[in-house]
There are 2 protein chains.
Amino acid sequence: MAERGRPRAFDRSEALHRAMRVFWTCGYEGTSVSELAQAMGINKPSLYAAFGCKEALFREAIELYEQEEGAPVGEALDQGRTARSAIETALRVNARSFTNPDNPRGCMVVVSALAGAPENNPVCSFLADNRRESEENFRRRVLRGIEEGDVPRGADAARVAAFYATVMNGLAIQARDGATMERLERLIDSAMAAWEAVAS
Amino acid sequence: MAERGRPRAFDRSEALHRAMRVFWTCGYEGTSVSELAQAMGINKPSLYAAFGCKEALFREAIELYEQEEGAPVGEALDQGRTARSAIETALRVNARSFTNPDNPRGCMVVVSALAGAPENNPVCSFLADNRRESEENFRRRVLRGIEEGDVPRGADAARVAAFYATVMNGLAIQARDGATMERLERLIDSAMAAWEAVAS
DNA sequence: CCATTTATATACCGATCGGTATGAAATGCG
DNA sequence: CGCATTTCATACCGATCGGTATATAAATGG
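Residues numbered from 1 in each chain as written. Chains lettered and ligands numbered in written order. Predicted model: local features only at pLDDT ≥ 70, side-chain atom pairs only at ≥ 80, totals over all residues. Heavy atoms only, no water.

1. With respect to the interface of chain A and chain B
Using the following cut-off: By definition, residues are in contact when any of their heavy atoms lie within 4.5 Å. Note on terms: buried area is the combined drop in 1.4 Å-probe accessible area of two parts once they are placed together, counting the loss on both. Throughout this description, the term salt bridge denotes a Lys or Arg side-chain nitrogen within 4 Å of a carboxyl oxygen of Asp or Glu. Whenever two N or O atoms come within 3.5 Å, that pair is a polar contact, provided that in protein one can donate a hydrogen and the other can accept it, and provided that, for residues adjacent in sequence, both atoms are side-chain atoms. Labels follow the DSSP assignment, with helices taken as runs of H or I lasting at least four residues and strands as runs of E lasting at least two, numbered in each case from the N terminus.
Opposite the 40 residues of chain A that make contact, chain B presents 40 residues. Here chain A packs against chain B, burying approximately 3,100 Å² in sum over the two surfaces, 59% of which is carbon and sulfur. Among the residues chain A hides against chain B, the three largest losses belong to Leu114(A), Thr166(A) and Asp177(A). Together they make up 18% of the total. Across the contact surface, chain A and chain B share four salt bridges. In this structure, the salt-bridge partner of Asp177(A) is Arg131(B), at a minimum N-O distance of 2.7 Å. The tally of links between chain A and chain B comes to 18 residue pairs in polar contact (both at pLDDT 80 or more). Going through the elements one at a time, α1 (12–26), α6 (108–111), α7 (121–148), α8 (157–176), α9 (181–193) and α10 (195–198) of chain A are the ones with two or more residues in the side of chain A that touches chain B. Here the element with the most residues in the side of chain A that touches chain B is α8(A); it accounts for 12 residues.

2. Notes on the protein's contact with DNA strand C
Rules: For this description, a residue counts as near a given molecule or strand if any of its non-hydrogen atoms is within 4 Å of it. As a working rule, the residues Ala, Val, Leu, Ile, Met, Phe, Trp, Tyr, Cys and Pro are called nonpolar, Asp, Glu, Lys and Arg charged, and the rest polar, with Gly in that last group.
The environment of DNA strand C is made up of 23 residues, and the closest members are Ala9(A), Asn43(A), Val33(B), Lys44(B) and Lys54(B). Per the 4 Å cut-off to the protein, sugar and phosphate atoms form 69% of the nearby atoms of DNA strand C. Between DNA strand C and Arg6(A), the relevant distance is 3.2 Å, taken from a base oxygen to a main-chain nitrogen or oxygen of the residue. Within the side chain of Ser32(B), a nitrogen or oxygen atom sits 3.3 Å from a phosphate oxygen of DNA strand C. Contributing elements (two or more residues each) for the surface near DNA strand C: α3 (44–51) of chain A together with α3 (44–51) of chain B. Sort the elements by how many residues they give to the surface near DNA strand C and α3(B) lands first, with three residues. For the surface near DNA strand C, a count of residues per class yields nine nonpolar, six polar and eight charged.

3. Observations regarding the protein's contact with DNA strand D
Residues in close proximity to DNA strand D total 23 residues, the closest being Val33(A), Lys44(A), Lys54(A), Ala9(B) and Asn43(B). A share of 68% of the atoms of DNA strand D within 4 Å of the protein falls on sugar and phosphate groups. One of the side-chain N or O atoms of Tyr48(A) is found 3.0 Å from a phosphate oxygen in DNA strand D. Secondary structure elements with two or more residues in the surface near DNA strand D: α3 of chain A together with α3 of chain B. The element that contributes the greatest number of residues to the surface near DNA strand D is α3(A), accounting for three residues. For the surface near DNA strand D, the per-class residue count stands at nine nonpolar, six polar and eight charged.

4. Observations concerning empty space enclosed by the protein
Stated precisely, the cut-off is as follows: Here the term cavity refers to a set of points on a 1 Å grid, laid over the protein atoms alone, in which a 1.4 Å probe fits but cannot get out; the term pocket refers to an open set having protein on both sides within 12 Å along at least five of seven lines, with lining residues being those that place an atom within 4 Å of a point. Grid points are joined across faces, edges and corners, and a volume is the space filled by probe spheres set on the points.
Across all of its chains, the model carries one cavity of 30 Å³ or more by this definition. Lining the largest cavity are 22 residues, and of these Ala115(A), Glu29(B), Ser112(B), Ala113(B) and Ala115(B) lie nearest its centre.

5. So, the environment of Val109(B)
Residues and elements named next belong to chain B. With respect to the helices and strands, the residue Val109 is situated in helix α6 (residues 108–111). Considered as a pair, Val109 and Ala172 are 63 residues apart in the sequence and their alpha carbons are 9.3 Å apart. Ignoring sequence-local partners within four residues, the contact set of Val109 consists of Tyr65, Glu66, Leu127, Asn130 and Arg131.

6. Describing the packing of helix α5 (residues 83–99) of chain A against α9(A)
Residue and element names in this part refer to chain A. Note the threshold: Axes here refer to lines fitted to C-alpha atoms; in helices the fit is confined to the stretch in contact. Angles between the N-to-C directions go from 0 to 180 degrees. Oblique is the label for every angle not falling under 35 degrees (roughly parallel), over 145 degrees (roughly antiparallel), or within 65 to 115 degrees (roughly perpendicular). Crossing chirality is assigned from the near helix's rotation relative to the far helix, an anticlockwise turn below a right angle marking it left-handed and a clockwise turn marking it right-handed.
Relative to each other, α5 and α9 sit at 160°, their axes nearing to 10 Å. The angle between α5 and α9 falls in the class roughly antiparallel. Here α5 and α9 pass one another in a crossing that is right-handed. Between α5, through Arg84, Glu88, Leu91, Arg92, Ala95, Arg96, Phe98 and Thr99, and α9, the contact on the second element is made entirely by Met181, Leu184, Glu185, Ile188, Asp189 and Met192.

7. Re α3(B)
All names here are of chain B. Selection criterion: For each residue, the accessible area found with a 1.4 Å probe, counting protein chains only, is set against the maximum for its type, and the residue is called buried under 20%, exposed over 50%, and partly exposed in between. Think of it as the arc spanned by the lines of direction from the helix axis to the C-beta atoms.
Those residues of α3 not exposed but buried are Leu47, Ala50 and Phe51. Projected down its long axis, α3 shows its buried positions confined to an angular sector of 75°, all on one face. α3 presents Pro45 and Ala49 as exposed residues on the side facing more than 90 degrees away from its buried surface. Along its buried surface, α3 packs onto α1 (12–26), α2 (33–40) and α4 (54–79).

8. Section: the side chain of Glu135(B)
With respect to the element layout, Glu135(B) can be found in helix α7 (residues 121–148). A polar atom in the side chain of Glu135(B) sits 2.7 Å from the side chain of Arg183(A). Residues contacting Glu135(B), with those up to four places away along its chain left out, are Gln174(A), Arg183(A), Ala158(B), Ala161(B), Ala162(B) and Ala165(B).

Written out as structure tokens, the structure reads:
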């Protein structure tokens, strides 16, 4: 079952984790392949052999980010008793991630490639798709709330989802700008106070 | 009064406008000095003679952006009859700018350098300061509303300002991701529905 | 043991990066 | 006019960009 040639001398998953943190900190264009290789503890040919190219490595890093930082958000959405509490908890879980002192600040999907050179447009579009998907998850949760009766029948699920997705992206920027967890908590308090007005 | 040496053959203000649009579209790191010079219709030595260096040109471009796109927002804040209507109008003026088909999409202060290489940290900090200043303008307007009696005495001006600044930054990202003016208008409807809950 | 396969480290590729030296061209001043 | 001053266009700078050729090292299959 063992592989055929010389075994890889580094832990691919560990290297990917390190790459994720560099991209998260400096953004896609602000990170060079040489920096990546150094942070990953490997040489460039090993990086290219294991991950393909800079863009492919970045996409894998985003997927890892989604798994590690995004999964608790998805769980919060699923497990909340009502759409309202599910979305509120999702926001609070995100806020905790955005300000975790062990992490770079803010949301990697928001901060790492909002604009870029034309040749990097695929990267920007990839992240935009990712953000739309998060909003879609909010929308599905509101629809479920309508089905389960905790959200009024006439509520506009897309509108609710768009509002809280907008707040979430705004929180990511606040976090990048140095906002504390407490500050984000108060912002979420404000956003949740709008629930009846938005979801009715 | 005329200048001494050979007169400049290009319009400095027009060149700066063109540079602003490129930075706005591709971001600070996504824009090269060669691209800038080409878009400005000048050669690189002329660019350096007139604007100093890439970072100084970017800072001037941001200042121009503040004057052209930010001034109407400031006017809206000043001229609104109440803090609530002033902030609502400010958001709507911003939304119009973010989706103006003649402009790159979104807010230049948000999209052009959220993350970057360590050597470009001054640029990111400069934009973060700028965003904080916008929030501070909101806060001052709420304080005025308290003085003038259209906002309850007990309202937390900083909290109100932080909430609407967060929404505004979220709107900038929505716009980058392709949101229409109508969609942003509906998001602002939602945010303003929260007013009583946030400012009380 | 030998052949094959894969990963390693070094050194390199052309292209582009931000920035500049250089000399000709165009003005005001005397 | 001649001279100082400033801008112009071209061509260039060392450094770094994303990516790779090459040769060696380390494993498995036979």
